[in-house]
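Each chain, letter by letter, is given below.
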Amino acid sequence: LFVGSYREGEMNEHHHVWNMMSTISDLGVNARVIQMSHLNRDVVNDMISDMLRLSPRLTRPLADIAYHKTKGNPLFLKRLMISLSKDGLLRFSLSRRRWVWDEEKIQSRKIPDDVATFLTSAIFKLSPD
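I will try to describe carefully the structure that is included in this document. From a predicted model like this one, the values you see are computed outputs, not experimental measurements.

### Considerations on the pattern of salt bridges
This model, assessed by the stated rule, comprises 4 salt bridges. When the shortest N-O distance is used, the salt bridge between Asp-64 and Arg-41 registers 3.5 Å. You can see Asp-64 sitting in helix α3 (residues 56–70) and its partner Arg-41 sitting in helix α2 (residues 41–52), a full 23 residues away along the chain. Classification of Asp-64 as partly exposed rests on a relative accessible area of 26%. A relative accessible area of 38% places Arg-41 in the partly exposed class.

Shown next as structure tokens:
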């Protein structure tokens, strides 16, 4: 099994994934390209609603912020939600028995425009252990 990924518009005959796909094809191996698109606002809300086990009506404000910050990129969305939880901006309230968040702090939080920069900054925050 080989899985490669690339950003739309960056694939050409000099790209490593392109070279690997050409080699696989030359060997007669059946290969598939699966194009992933960004999620729309409603799907982002459905995902967050499922993650937090809350009604979509309750998660809509958080989902709107998350959609705006991630532009519907599924990997970016997942990493954003993990980051919000780790940083205490999204937390489980025992007294309310549900997830709660601070919309203003999340909205004002500076987040890189692309997932690569976001993931790189997250890697640098890891402990050396």
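Let's pick the thread back up.
### Quick look at a nonpolar patch on the surface
On the surface, Val-43, Met-47 and Met-51 cluster together to form a nonpolar patch covering roughly 210 Å² of accessible area. Under the relative-accessibility criterion, Met-51 is labelled partly exposed at 38%.

### Let's talk about the nonpolar core
One finds Ile-48, Leu-62 and Leu-84 to be the most contacted residues of the largest nonpolar core, which totals 19 residues. Elements supplying a minimum of two residues to this core: α2, α3 and α4 (74–86). Here the element with the most residues in this core is α4; it accounts for 5 residues. Those residues in contact with Ile-48 that lie beyond four places of it in its chain are Thr-59, Leu-62, Ala-63, Ala-66, Leu-77 and Met-81.

### A look at α4
Between its first and last C-alpha, α4 extends 19 Å over 13 residues, near the 18 Å set by a 1.5 Å rise per residue. At the exit of α4 stands Gly-88, carrying a positive phi of roughly 80°.

### Remarks on the side chain of Arg-109
Looking at where Arg-109 falls in the secondary structure, it is placed in the loop between α5 (103–108) and α6 (115–124). Reaching out from Arg-109, the side chain makes a polar contact with the side chain of Ser-83 at a distance of 2.9 Å.

### Here's the deal with the pairing of strand β1 (residues 90–93)
A regular strand places its side chains on the two faces of the sheet in alternate fashion. As paired elements, β1 and strand β2 (residues 98–101) share 4 bridges and run antiparallel to each other. Paired with Arg-91 across the bridge in β2 is Val-100. Here β1 folds back onto β2, and the loop between the two strands holds 4 residues, one of which, Arg-97, carries a positive phi near 60°.

### Quick word on unusual backbone geometry
With a phi close to 55°, Lys-71 is a non-glycine residue in the positive phi region. With respect to the helices, strands and loops of the structure, Lys-71 is situated in the loop between α3 and α4. Judged by its relative accessible area of 47%, Lys-71 is partly exposed.

### Some words on the packing of aromatic side chains
Summed over all chains, the structure comprises 1 aromatic pair. Between Phe-92 and Trp-99 the ring centres are 5.8 Å apart and the planes differ by 80°, which places this aromatic pair in the edge-to-face class. Above the face of the Trp-101 ring, Arg-98 is positioned so that its terminal group lies 5.9 Å from the ring centre.

Rules used throughout
Residues numbered from 1 in each chain as written. Predicted model: local features only at pLDDT ≥ 70, side-chain atom pairs only at ≥ 80, totals over all residues. Heavy atoms only, no water. Salt bridge = Lys/Arg side-chain N within 4 Å of Asp/Glu carboxyl O. Helix = DSSP H or I, 4+ residues; strand = E, 2+ residues; numbered from the N terminus. Buried < 20%, exposed > 50% of the residue type's maximum accessible area, 1.4 Å probe, protein only. Patch = residues over 30% accessible without salt bridge, like charges linked within 9 Å, V, L, I, M, F, W, Y side chains within 5 Å. Areas by Shrake-Rupley, 256 points an atom, 1.4 Å probe, with all protein chains shown as cover. Core = buried A, V, L, I, M, F, W, Y, C linked by side-chain atoms within 4.5 Å. Contact = heavy atoms within 4.5 Å. Expected span 1.5 Å × (residues − 1). Polar contact = N/O pair within 3.5 Å; in protein donor to acceptor, adjacent residues only side chain to side chain. Pairing = 2+ DSSP bridges. Phe/Tyr/Trp six-rings, centres within 6.5 Å; stacked < 30°, edge-to-face > 60°. Lys NZ or Arg CZ within 6 Å of the ring centre and 35° of its normal.

Read these as spatial facts, not as claims about activity.
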